[in-house]
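If you want the building blocks of each chain, they are given just below.
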Amino acid sequence: MALQKQHFPIYFFLLILSFGLQSCKKEQQSIQKKIDNSNYIKNITLAEKYINNQEFDSAFYYYNKIKSNSNPNKDQDKIIYCLLKLAYIQQVKGDYSSSESSATEAIQYFQKNTDSYYKVSIYNILGINYKNLYDYDNAIYYYNKALNLSEDEIQKIVLKNNIAVAYIDKHNYQHAINILLPLTLKKEVLNDEENYARVLDNLGLAYFKIGNPKSYSYLNQSLKIRTHIKDDFGITTSYHNLSEFYIKTNSNLSYKYAQLSYEKATKINSVDDRLKSLALLIENSIGNESKKFSLFHLKINDSINQVRQKAKNQFAKIKYDSKKEKEENLKLKTQKAENALQLEQQKNKNQFLYFTVVIIITLSIFILNFLVTKNKREKIKTSYNTEIRIAKKLHDELANDVYHTMAFAETQDLSTNENKEILLTNLDTIYSRTRNISKENSTIETGQHFISNLKEMISSFNNNTVNILIIGIDTINWTVLESNKKITVYRVLQELLVNMKKHSQSSLVVLTFKKNQKKLQIDYSDNGVGATFDEKKSRNGLQNVENRIQAIKGTTTFETTSDKGFKVNIIFPS
């Protein structure tokens, strides 16, 4: 019986509903876009103002706020820029691990069209963080990534200088010299006194580390340039490097430059440089003076650790508060948008409700009709297949036995005991076949006698030529298994054993039952002649096995080749 195609006015209602919803959605998006853009301008203005004034806590708050309110699918550049600033602030505050996390998060938002300036800056910040964390290999890796993307010549020079410094820290001084020496000849370096002094100072330090007498000339020339341009940060570094230069040859000069470095570092409030200078003063001092500098060093070191931990906690609190504020703002925005559209929605509310009810009722009728028809069709198909299978068995097995028995009775002398015995044996065989056909198609008991009936069915295939081993059947809790799954297990095993009896010529069959988490696994294997997969699939019995297991959302795996036996792996939810 064919299922007729049903036509309903569903699409008409859906179309009207879609237009109504789309109209409201566009109006809401327009209002939301204006609000978001206004908030972004306000927040970015404040963030830039605070970072320029070195009010890092406030700047961090507003950059984090912009990032939190940005759409990851549309505002990648905004998010990258904010993460770049957050990483910079965390780096300035000495929180290198958090700065690394922020910079690494920004990389996730990189696109093909992302501004190369952002990429270079992020990779450079990562390089600086790894250098400060003493991971020089990673520092060099990210400096090189930035260098490969850089399009500005001055930027490239700064990055090459950073790479050289990492090699110096790594004690690979000759490699650093090979990078720095060509930079001293570039016009872009010669025309930029600050960069030129930086390159000369690092080159002098590298030469000093390998014991080359050229080092003093470069260190001294760098100090002169930095003094001329009043680069206090650079002067601090020059004094520190000159103190190192004289530490073994002239302790008085080494002490003098360490003292000058400490004074400059104190003036510019560079805590790290103060600690480095104090370390040199401790090394060049003795007695009470050395003790005094050691106490200063401990005091400053403890203080800086407290300040950095405080900054780290403060940034973590800002992130937490920002997340909480975002959630609250989202609720407020939703409520505001709902209020703005409330009048319009009220007009359409009842109409939408009617449409929805009609659609639900229509779909329910359609689905119910479809399921009822499908169920009838499947029952008819099942009955038809059962009738065909019974008719085939009656024709192929029972009819032949009846015919031969009739022929025997007509042609043989039944008065003899031997012929009577043969006749009775043939009739008993016919009776057994009839009973088996009846059992194969009878209702299956799924209650407390299921397992005993299942064992009896399996054992009925045991004979003088075939031995069937059953493993693990009693370890399964059959009482919790649904009735339809018990019936499926019974019929599937019956199909497999009938197939074995007809085709496999096997002498041993092993049935293994396993409980694997929330699934039941049944493994069948025999030592029969086997066959190719296509040959096996072509047999109706095995096709029925696969169909039955699929019906209970299970899987069937056949493993078979000619002359190598036959295996089936069955898994389904228990």
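Here is what the cut-offs are and how they apply
- Residues numbered from 1 in each chain as written.
- Predicted model: local features only at pLDDT ≥ 70, side-chain atom pairs only at ≥ 80, totals over all residues.
- Heavy atoms only, no water.
- Helix = DSSP H or I, 4+ residues; strand = E, 2+ residues; numbered from the N terminus.
- Buried < 20%, exposed > 50% of the residue type's maximum accessible area, 1.4 Å probe, protein only.
- Contact = heavy atoms within 4.5 Å.
- Areas by Shrake-Rupley, 256 points an atom, 1.4 Å probe, with all protein chains shown as cover.
- Pairing = 2+ DSSP bridges.
- Axes fitted to C-alpha atoms, helices over the stretch in contact; angles between N-to-C directions.
- Phe/Tyr/Trp six-rings, centres within 6.5 Å; stacked < 30°, edge-to-face > 60°.
- Patch = residues over 30% accessible without salt bridge, like charges linked within 9 Å, V, L, I, M, F, W, Y side chains within 5 Å.
- Salt bridge = Lys/Arg side-chain N within 4 Å of Asp/Glu carboxyl O.
- Lys, Arg positive; Asp, Glu negative; His and termini not counted.
- Charge placed at Lys NZ, Arg CZ, Asp CG, Glu CD.
- Polar contact = N/O pair within 3.5 Å; in protein donor to acceptor, adjacent residues only side chain to side chain.
- Parallel < 35°, antiparallel > 145°, perpendicular 65-115°, else oblique.
- Left-handed = near helix turned anticlockwise from the far one by under 90°.
- Nonpolar A, V, L, I, M, F, W, Y, C, P; charged D, E, K, R; others polar.

Asks: Can you break down the overall build of the protein chain residue by residue, with the values?
Replies: Counting secondary structure elements, the protein chain contains 21 helices and five strands. By the burial criterion, 38% of the 574 residues in the protein chain qualify as buried. The long-range fraction of contacts in the protein chain, counting pairs at least 24 apart against all pairs at least 6 apart in sequence, stands at 60%. Carbon and sulfur atoms provide 52% of the accessible area of the protein chain, an area that totals close to 34500 Å².

Asks: Residue-level account of the sheet that holds strand β3 (residues 519-526), with values.
Replies: Taken in spatial order, the five strands make up an open sheet running β1-β2-β3-β5-β4, and their pairing is mixed. Strand pairing shows two members of the sheet lacking a second neighbour, β1 (467-471) and β4 (555-560), which therefore form its edges. Sheet twist, expressed as the mean angle between neighbouring strand axes with direction ignored, is 10°. Here β3 runs beside strand β5 (residues 566-573); their pairing, made up of eight bridges, is antiparallel.

Asks: Got a sec to walk through the packing of aromatic side chains? Specific residues and values, please.
Replies: Under the counting rule described, the total for this entry stands at 20 aromatic pairs. Aromatic pair tyrosine 216 and tyrosine 246: ring centres 6.3 Å apart, planes at 65°, arrangement edge-to-face. Highlighted residues: tyrosine 216 in helix α11 (residues 214-228) and tyrosine 246 in helix α12 (residues 232-246), separated in sequence by 30 residues. Overall, tyrosine 216 belongs to the partly exposed group, its relative accessible area being 31%. For tyrosine 246, a relative accessible area of 12% translates into the label buried. An angle of 55° between the planes, with centres 5.6 Å apart, marks the rings of phenylalanine 450 and tryptophan 478 as tilted. Taken together, the positions of phenylalanine 450 in helix α18 (residues 450-459) and tryptophan 478 in the loop between β1 and α19 (483-504) put the pair 28 residues apart, joining distant regions of the chain. With respect to class, phenylalanine 450 is no different from tryptophan 478; both count as buried.

Asks: Requested: an account of the pairing of β3, with residues and values cited.
Replies: With six of eight residues buried, β3 is to be regarded as a mostly interior element. Sheet analysis places strand β2 (residues 508-516) next to β3, joined by eight bridges and oriented antiparallel. The partner of valine 510 across the bridge, within β3, is serine 525. Counting the residues in the hairpin turn of β2 and β3 gives two residues, including glutamine 517, whose phi is positive at 55°.

Asks: Give me a nonpolar patch on the surface: which residues, what numbers.
Replies: A surface patch of nonpolar side chains, about 500 Å² in accessible area, is lined by Leu353, Tyr354, Val357, Ile361 and Ile365. Mapping tyrosine 354 onto the fold places it in helix α16 (residues 342-411).

Asks: Report on a negative patch on the surface, specifying residues and quantitative values.
Replies: Taken together, Asp77, Asp115, Glu151 and Asp152 make up a surface patch of like negative charges. Given the relative accessible area of 40%, aspartate 115 is considered partly exposed.

Asks: Describe the side chain of arginine 491, naming the residues involved and giving the relevant values.
Replies: Positionally, arginine 491 belongs in helix α19. One polar contact links arginine 491 to glutamine 494, side chain to side chain, over a distance of 3.0 Å.

Asks: Requested: an account of the pairing of β5, with residues and values cited.
Replies: With six bridges joining them, β4 and β5 adopt antiparallel strand pairing. The residue bridging phenylalanine 558 from the neighbouring strand is valine 568, located in β5. Hairpin connection of β4 to β5: five residues between the antiparallel strands, including aspartate 563 at a positive phi of 65°.

Asks: Can you break down the packing of α12 against helix α13 (residues 251-267) residue by residue, with the values?
Replies: The N-to-C vectors of α12 and α13 enclose an angle of 160°; their axes lie 8 Å apart at closest approach. Compared by their axis directions, α12 and α13 come out roughly antiparallel. As α12 runs across α13, the sense of the crossing is left-handed. Between α12, through Asp232, Ile235, Thr236, Tyr239, His240, Leu242, Ser243 and Tyr246, and α13, the contact on the second element is made entirely by Ser251, Leu253, Ser254, Tyr257, Ala258, Leu260, Ser261, Lys264, Ala265 and Lys267. Looking at the contact of α12 with α13, its residues break down into nine nonpolar, six polar and three charged.

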